[in-house]
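Summary of structural features
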Amino acid sequence: SQKIEQNSEALNIQEGKTATLTCNYTNYSPAYLQWYRQDPGRGPVFLLLIRENEKEKRKERLKVTFDTTLKQSLFHITASQPADSATYLCALSYNKLIFGAGTRLAVHP
Amino acid sequence: DVKVTQSSRYLVKRTGEKVFLECVQDMDHENMFWYRQDPGLGLRLIYFSYDVKMKEKGDIPEGYSVSREKKERFSLILESASTNQTSMYLCASSLTPGQARSEQYFGPGTRLTVT
């Protein structure tokens, strides 16, 4: 069955730096890959969707890449701020969404 | 903005009780979903619905049932609550037919504790 790996350890970075989060998967590539943000005690919020034939997608300070050869997506937040601190989930779209467990990001002033 | 609301933020129930979790969305979305979220496991799909009175099993339907009598409302039912159903329950909706290419809008979640 499909497995998704996101780093279970929290990522701690300094304000202003670029945060890079990784999503790796096994087996076959999905048609779409989505990233969500989740704050403690709240539901996930959709951020970006990237298609398998797109290498990169940007939205303001966010950038997502999708490498079907490496079976990996990278999620970047440039000029990070303490308000970016949250858990970030990747989700693979097949006939349903399969979510990773998420990586917690902590941006320190 | 799409709004998905869930009936309770926190719920404490006893083993064996029948539990109803309600979810309402206000954007006329076709698809609705119920997930549970446990530490280290990510979101796992319990049931989903593509239309009124239609339901499909997700990955972990055992011990749960659902009801969708109106387009905007999707209910999750725990027929006889057990302690291993203690979890965060999240409802979501999406617009386009099929799950693959449509972003999902989530409710705030219900943290259920079964004692």
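Bear in mind that the values here come from a model prediction, so they are computed numbers and not experimental data. (Residues numbered from 1 in each chain as written. Chains lettered and ligands numbered in written order. Predicted model: local features only at pLDDT ≥ 70, side-chain atom pairs only at ≥ 80, totals over all residues. Heavy atoms only, no water.)

Attention shifts here to the pattern of salt bridges. All names here are of chain A. What the rule picks out here adds up to 13 salt bridges over all chains. Residue D39 pairs with R37 through a salt bridge whose shortest N-O separation is 3.0 Å. Judged by its relative accessible area of 19%, R37 falls in the buried class. Residues joined in a network through salt bridges with shared partners are E56, R58 and K63. (Salt bridge = Lys/Arg side-chain N within 4 Å of Asp/Glu carboxyl O. Buried < 20%, exposed > 50% of the residue type's maximum accessible area, 1.4 Å probe, protein only.)

As a further point, take the sheet that holds strand β3 (residues 19-25) of chain A. Residue and element names in this part refer to chain A. Reading across the sheet, the five strands line up as β1-β3-β8-β7-β6 and stay open at both edges, with antiparallel pairing between neighbours. With one partner strand each, in any of the chains shown, β1 (4-6) and β6 (56-59) form the two edges of the open sheet. For this sheet, the mean inter-axis angle between neighbouring strands, taken without regard to orientation, is 15°. Strand direction decides the pairing type here: β1 and β3, joined by three bridges, are antiparallel. Following the sheet pairing, E5 is matched in β3 by N24. (Pairing = 2+ DSSP bridges. Helix = DSSP H or I, 4+ residues; strand = E, 2+ residues; numbered from the N terminus. Axes fitted to C-alpha atoms, helices over the stretch in contact; angles between N-to-C directions.)

Turning to the side chain of Q6 of chain A, a few remarks are in order. Residue and element names in this part refer to chain A. With respect to the element layout, Q6 can be found in strand β1. In this structure the side chain of Q6 is engaged in a polar contact, spanning 3.1 Å, whose partner is the backbone nitrogen of C90. Within the local environment of Q6, its side chain forms a polar contact with the backbone nitrogen of G102, the two atoms lying 3.0 Å apart. (Polar contact = N/O pair within 3.5 Å; in protein donor to acceptor, adjacent residues only side chain to side chain.)

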